[in-house]
Amino acid sequence: MPKFFNTIQIKMTSAQKQNLYRAYSDNIDQDLIMGPKMSYMSFINQPNLEVMVDMKCLDCQFALRVNFALYAEYMKLEKSPFPLDTCPHCRKLQFVPLDIYNKLIDSI
Ligand SMILES: [Zn+2]
């Protein structure tokens, strides 16, 4: 469990896992995320696969619940306390976990 924001534990069916893997493969193929591509087995055995995080955009307030597995990898690689992503709505690099969003908005 990350220190600065909450995550949500879920239970996925194998169909949901396959869909998620397909989306992951597409993202790799389109160079949206860094490879090398994981095999299906290593993908579904990731420790954070059945963990979700509520994200919100600091710019346009767009909110979405997304899978935490890739963010966990990113945080490890970047030694970052929380993920920072491109907002799917406005395309700005302002997409952060909801709890981080609330802390930042409160401190303005
Ligand atoms: Zn946005």
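Residues numbered from 1 in each chain as written. Predicted model: local features only at pLDDT ≥ 70, side-chain atom pairs only at ≥ 80, totals over all residues. Heavy atoms only, no water.

### Let's talk about the packing of aromatic side chains
The condition that has to hold: In this scheme Phe, Tyr and Trp rings, the latter by its six-membered ring, pair at centre separations within 6.5 Å, and the angle between planes marks the pair as stacked below 30 degrees, edge-to-face above 60, and tilted otherwise. For helices the rule is a DSSP run of H or I covering at least 4 residues; for strands it is a run of E covering at least 2, with both sets numbered from the N terminus onward. The buried label applies to any residue whose accessible area, calculated with a 1.4 Å probe on protein chains only, is under 20% of its type's maximum; exposed applies above 50%, and partly exposed to all values in between.
Inspection of every chain in the model, using the stated rule, returns six aromatic pairs. When the ring of Tyr-21 is compared with that of Tyr-24, the centres are 5.8 Å apart and the planes differ by 35°; the resulting orientation is tilted. With Tyr-21 and Tyr-24 both in helix H1 (residues 14–29) and three residues apart, the pair spans about one turn of that helix. A relative accessible area of 16% means that Tyr-21 is categorised as buried. Exposure remark for Tyr-24: the relative accessible area of 4% places this residue in the buried category. By the ring-pair criterion, three or more aromatic residues cluster together here, those being Tyr-21, Tyr-24, Tyr-40 and Phe-43.

### Points about the pattern of salt bridges
This is how it is decided: Here, a salt bridge means any side-chain nitrogen of Lys or Arg that lies within 4 Å of a carboxyl oxygen of Asp or Glu.
Applying the stated rule across the entire model yields five salt bridges. When the shortest N-O distance is used, the salt bridge between Lys-11 and Glu-50 registers 3.3 Å. Residue Lys-11 is found in the loop between strand S1 (8–9) and H1, and its partner Glu-50 is found in the loop between helix H2 (40–44) and strand S2 (51–57); the two are separated by 39 residues along the sequence.

### Quick look at the coordination of the zinc ion
Here is the rule we go by: For Na, K and Ca the donor cutoff is 3.2 Å, while for all other metals N, O and S atoms count as donors only within 2.8 Å; water does not appear among the atoms, so some sites may look incomplete. For four-coordinate sites, all angles between 85 and 135 degrees define a tetrahedron; for four- and six-coordinate sites, opposite donors beyond 155 degrees with the remaining angles between 65 and 115 define square planar and octahedral shapes respectively, and all other cases count as irregular.
Cys-57 (SG), Cys-60 (SG), Cys-87 (SG) and Cys-90 (SG) make up the full set of protein donors to the zinc ion, lying at 2.3 Å. Given four donor atoms and angles of 106 to 115° at the metal, the environment of the zinc ion is assigned as tetrahedral. Along the chain, the residues that donate to the zinc ion are spaced as C-x2-C-x26-C-x2-C. Within this pair, whereas Cys-60 is found in the loop between S2 and strand S3 (63–67), its partner Cys-90 is found in the loop between helix H3 (69–78) and strand S4 (95–97), the two being separated by 30 residues in sequence.

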